[in-house]
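Single-letter residue listing:
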Amino acid sequence: GEAAMWETPAKMAAAAEEAAMVELVALLAPAAGEAARAGAAEAALALSGDAAGRRLLAGRPEALTGLLELATGPYPPPGPCSPAARHALGCLVNVSAEPVAREPLLAGLPALLNLLPGGAACGVLANLCRERGAARRVLQGLRERDTGLDPLLQALGEPQPPPQLGPLLCNLSQLPEGRRGLLDRSRCSVQRLLPFTQYRDSVIHRRGIVGALRNCCFQYGESQQRAQPRGNRQPEGAALPRVPPPQAASPSGLPVDLQYLPPDKQREEEPDIRKMLLEAIMLLTATKAGRHMVRDKGTYVVLRELHHWEQHQEVLVACEKVIQVLIGDEPGPGMENLLEVKIPEEVEQELQRLDREEEEKQEEEQEEP
């Protein structure tokens, strides 16, 4: 009897929620009229502002279809975008972070691609592309339009590129075909990305671009080719002067780019971005040619000063790993490519043990008052 009494309010709340969602879906449909759809889109945007609301909307494919139709038409770029469309797009940016929304939204992929390189469309697609299969479908969609990554790369030349563009390029670069598109020399794609490693207007955009560059370094099979300049083309190794610069370091041994930095030059302020930059350098040192290129850029001097300054444990560990590679002896024949070397099982287990100890030490430090 007592359980039944408590069950009734829950059932009533569920019924009310269901009725509200049915009404919202109806109001998002074209038959509801422009004013009603605009109000419904605004309500959906507000609902998507918290996790419970996002899950509610994500579990309603018919609501997502209505929002997609409202967001992607009938005003194709560069025409005007109605307030209703803006509300719908903003809602989709939020809801697209929910895995259950992925398939319904990918069904509207052609219409979403029409909105590129708009910031909201980049935001929706960046969320969808967190999963590799979805990223592959987006890249395929871009290829089918015969544009590839061009619209996204061209948007980098705008006075203020949309912040969501960085995360989208980062997530697309998790795939080999995405990395190949960003490493296309004929489009000077890497050169378009590099200035944004120091972009101060948006940490979201900067983080995404650095992540994309780091992912591109996974193409280590091309390292020997990329380590050598071709004619007037800038090699990918030119990214190295953009790693966190030293403070109060002697210019001796530094590349020219770093010897004449202004006195107010600041290191990258976000620890996770500093870590990604170090990971990118680590990947470039996978091959013998890459290690020579990295050493020749005076990287050791930069990292030595960074190590003295750095306070974040994870970044320190990443820095130490690169330094060890730079000051260590060259591996023997057949072991030059560090990413292809088979690590003995006992060594792998020891590395895992050390990693666990490191994590436990960090947790203890965080618990201390």
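Residues numbered from 1 in each chain as written. Predicted model: local features only at pLDDT ≥ 70, side-chain atom pairs only at ≥ 80, totals over all residues. Heavy atoms only, no water.

A. Looking closely at the nonpolar core. Ranked by internal contacts, the top residues of the largest apolar core, which has 64 residues, are L116, L125, L152, L168, L169 and L172. Tallying contributions element by element places helix α5 (residues 83-95) first for this core, with seven residues. Each residue touching L172, except ones within four places of it in the same chain, is listed here: C129, A135, V138, L139, L149, L152 and G178. By size, the runner-up hydrophobic cluster in this structure holds 16 residues, among which are L278, I281, L306 and I323. (Core = buried A, V, L, I, M, F, W, Y, C linked by side-chain atoms within 4.5 Å. Buried < 20%, exposed > 50% of the residue type's maximum accessible area, 1.4 Å probe, protein only. Helix = DSSP H or I, 4+ residues; strand = E, 2+ residues; numbered from the N terminus. Contact = heavy atoms within 4.5 Å.)

B. Layout of the side chain of T285. As for its placement among the helices and strands, T285 is situated in the loop between α17 (271-284) and α18 (288-296). The class for T285 is buried, based on a relative accessible area of 0%. At 2.6 Å, the side chain of T285 and the backbone oxygen of M282 are in polar contact. (Polar contact = N/O pair within 3.5 Å; in protein donor to acceptor, adjacent residues only side chain to side chain.)

C. Local environment of the packing of helix α4 (residues 61-72) against α5. Across the interface, α4 lies against α5 with an axial gap of 8 Å and an inter-helix angle of 130°. Here α5 runs oblique to α4, going by the angle between their axes. Pair α4 / α5 crosses with left-handed handedness. For the pair α4 and α5, the contacting residues are L64, L67, L68, L70 and A71 in the first and A84, A85, A88, L89, C91, L92 and V95 in the second. Grouping the amino acids of the contact of α4 with α5 by side-chain chemistry returns 12 nonpolar, no polar and no charged. (Axes fitted to C-alpha atoms, helices over the stretch in contact; angles between N-to-C directions. Parallel < 35°, antiparallel > 145°, perpendicular 65-115°, else oblique. Left-handed = near helix turned anticlockwise from the far one by under 90°. Nonpolar A, V, L, I, M, F, W, Y, C, P; charged D, E, K, R; others polar.)

D. Quick look at the packing of aromatic side chains. Under the defined criterion, the tally for this structure stands at one aromatic pair. Here the aromatic rings of F196 and Y199 are separated by 5.1 Å at their centres, their planes lie at 70°, and the arrangement is edge-to-face. Each member of the pair F196 and Y199 is classed as buried. (Phe/Tyr/Trp six-rings, centres within 6.5 Å; stacked < 30°, edge-to-face > 60°.)

E. Looking closely at helix α3 (residues 51-58). Of all the positions in α3, only G53, L57 and A58 are classed as buried. Buried residues of α3, seen end-on, are gathered within an arc of 130° and therefore sit on one face of the element. Backbone nitrogen of A52 and a side-chain oxygen of the N-cap are separated by 3.2 Å at the start of α3; the cap is D50. (Arc of directions from axis to C-beta.)

F. Representation of the packing of α3 against α5 in the model. One can describe the packing of α3 onto α5 by two numbers: an axis separation of 9 Å at closest approach and a directional angle of 100°. Taken together, the axes of α3 and α5 lie roughly perpendicular to each other. Of the residues in α5, those in contact with R54, L57 and A58 of α3 are C91, N94 and V95. Here the residues of the contact of α3 with α5 sort into four nonpolar, one polar and one charged.

G. Structural context of unusual backbone geometry. In this chain, L116 is followed by P117 through a cis amide linkage whose omega measures 5°. Inspection of the secondary structure assignment puts P117 in the loop between α7 (109-114) and α8 (119-128). Located in the positive-phi region is D146, a residue other than glycine, with phi close to 60°. If you trace the backbone, D146 turns up in the loop between α9 (132-144) and α10 (150-155). The exposed category is assigned to D146, whose relative accessible area is 73%. For C188, which is not glycine, the phi dihedral falls at a positive 50°. By secondary structure assignment, the location of C188 is in the loop between α12 (176-182) and α13 (189-193).

H. Quick look at the pattern of salt bridges. As enumerated under the stated definition, the model contains 15 salt bridges in all. Where E18 meets R60, a salt bridge forms, and the shortest distance between an N and an O atom there is 2.3 Å. Of the two residues, E18 is situated in helix α1 (residues 2-28) and R60 in the loop between α3 and α4; the sequence distance between them amounts to 42 residues. The exposure class of E18 is partly exposed, given its relative accessible area of 39%. Assessed through its relative accessible area of 15%, R60 is described here as buried. Of the charged contacts in the structure, one is a salt bridge between E279 and R214, with a shortest N-O distance of 2.9 Å. Placement of E279 in helix α17 and of R214 in helix α14 (residues 203-216) is noted, with a sequence separation of 65 residues between them. (Salt bridge = Lys/Arg side-chain N within 4 Å of Asp/Glu carboxyl O.)

I. Just the environment of G148, in detail. Within the secondary structure, G148 sits in the loop between α9 and α10. Measuring from C-alpha to C-alpha, the distance between G148 and G181 comes to 7.7 Å, with 33 residues separating the pair along the chain. For G148, the contacting residues outside a window of four places in its chain are L142 and R143.

J. Spotlight on the confidence of the model for the chain. In the predicted model, the chain carries a mean pLDDT of 82, and the fraction of residues at 70 or more is 74%. Within the chain, helix α11 (residues 165-172) carries the highest mean pLDDT (97), whereas helix α15 (residues 223-226) carries the lowest (42). Below a pLDDT of 50 lies the segment residues 1-5, which in the model reaches zero contacts outside its immediate sequence neighbourhood of four places, other chains included. (pLDDT = per-residue confidence, 0-100.)

K. Local environment of the environment of L116. Along the chain, L116 falls in the loop between α7 and α8. Judged by relative accessible area, which is 12%, L116 ranks as buried. Along the sequence, L116 and L152 sit 36 residues apart, while their C-alpha atoms lie 7.5 Å from each other. Residues in contact with L116, not counting those within four places in the same chain, are A121, C122, L125, L142, L152 and L168.

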